[in-house]
Amino acid sequence: ETSAVSGGGGGKIVKVDLSTWETVAISDALPTYHSNDMTYNPTTGKLYVVHNKPQRTKVSVIDPETLTVENIVTLGQEIYCMSYSPERGQYVIGH
């Protein structure tokens, strides 16, 4: 089991082994302006990272295995947080 967290002004994801708390991988700097929030979609197997100002309309789609950006989605409004509900198959955003 691993966990990924976004942190600091560097805008990187740190992947951690939850059984040992050892760092498994660190992404390159992400184009997310330190990131506001992140969610995981088990259906797609992807992480979704919400960008911060000045790009609050953007969300990066990240491969959790390689920690690389696969796509950047532009939304029709600014958001600051996002979560995924597997029960509903829907994203919830705060704006």
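For the structure, check the block above.
Presented here is an overview of the structure given in this document.

Calculation criteria
Residues numbered from 1 in each chain as written. Predicted model: local features only at pLDDT ≥ 70, side-chain atom pairs only at ≥ 80, totals over all residues. Heavy atoms only, no water. Helix = DSSP H or I, 4+ residues; strand = E, 2+ residues; numbered from the N terminus. Buried < 20%, exposed > 50% of the residue type's maximum accessible area, 1.4 Å probe, protein only. Contact = heavy atoms within 4.5 Å. Areas by Shrake-Rupley, 256 points an atom, 1.4 Å probe, with all protein chains shown as cover. Core = buried A, V, L, I, M, F, W, Y, C linked by side-chain atoms within 4.5 Å. Pairing = 2+ DSSP bridges. Axes fitted to C-alpha atoms, helices over the stretch in contact; angles between N-to-C directions. Phe/Tyr/Trp six-rings, centres within 6.5 Å; stacked < 30°, edge-to-face > 60°. Polar contact = N/O pair within 3.5 Å; in protein donor to acceptor, adjacent residues only side chain to side chain.

**Points about the overall build of the chain**
Inference 1: Assigned secondary structure in the chain consists of zero helices and nine strands.
Inference 2: Beginning at the N terminus, the succession of helices and strands in the chain can be written as β-β-β-β-β-β-β-β-β.
Inference 3: Buried positions account for 32% of the 95 residues belonging to the chain.
Inference 4: Across the chain, contacts joining residues at least 24 apart in sequence account for 27% of those joining residues at least 6 apart.
Inference 5: Of the roughly 5800 Å² of accessible surface on the chain, a fraction of 50% belongs to carbon and sulfur atoms.

**Points about the side chain of Asn52**
Inference 1: For Asn52, the location among the structural elements is in the loop between strand 5 (46-50) and strand 6 (58-63).
Inference 2: In contact with Asn52, not counting residues within four places along its chain, are Thr32, Tyr33, His34, Ser35 and Asn36.

**Topic: the nonpolar core**
In a soluble, globular protein the nonpolar side chains are often hidden away together inside.
Inference 1: Among the nonpolar cores identified, the biggest contains seven residues, and these are Ile13, Leu30, Met38, Leu47, Val49, Ile62 and Leu67.
Inference 2: Membership of the second largest hydrophobic core comes to six residues, among which are Tyr48, Val59, Val61 and Ile79.

**Side note on the sheet that holds strand 7 (residues 68-74)**
Inference 1: Across the sheet, which stays open at both edges, the four strands sit in the order 4-5-6-7 with antiparallel pairing between neighbours. The sheet terminates laterally at strand 4 (37-41) and strand 7, the two strands that pair on one side only. Averaged over all adjacent pairs, the angle separating strand axes in this sheet is 25°, with direction ignored.

**Details of the packing of aromatic side chains**
Inference 1: Following the criterion strictly, the structure yields two aromatic pairs and no others.
Inference 2: When the ring of Tyr48 is compared with that of Tyr91, the centres are 5.3 Å apart and the planes differ by 65°; the resulting orientation is edge-to-face. Taken together, the positions of Tyr48 in strand 5 and Tyr91 in strand 9 (residues 90-94) put the pair 43 residues apart, joining distant regions of the chain.
Inference 3: Looking at Tyr91, the relative accessible area reads 35%, which means it is partly exposed.
Inference 4: Judged by centre distance (4.8 Å) and plane angle (55°), the ring pair of Tyr84 and Tyr91 falls under tilted.
Inference 5: Clustering of aromatic rings is evident, with ring pairs tying together Tyr48, Tyr84 and Tyr91.

**Notes on the environment of Tyr48**
Inference 1: Given a relative accessible area of 12%, Tyr48 falls into the buried group.
Inference 2: Sequence-wise, Tyr48 and Asp37 are 11 residues apart; in three dimensions their C-alpha atoms are separated by 8.3 Å.
Inference 3: Not counting chain neighbours up to four residues away, the residues in contact with Tyr48 comprise Asp37, Met38, Thr39, Asn41, Val59, Ser60, Val61, Met82 and Tyr91.
Inference 4: Of the polar contacts made by the side chain of Tyr48, one reaches the side chain of Thr44; its length is 3.1 Å.

**Quick look at the pairing of strand 4**
Inference 1: As judged from the five bridges shared by strand 4 and strand 5, these two strands associate in the antiparallel manner. Opposite Tyr40, over in strand 5, you have Leu47 as the bridge partner.
Inference 2: The antiparallel pairing of strand 4 with strand 5 creates a hairpin that spans four residues between the two strands, and Gly45 there sits at a positive phi of about 70°.

As far as function goes, none of this settles anything; it's purely spatial.
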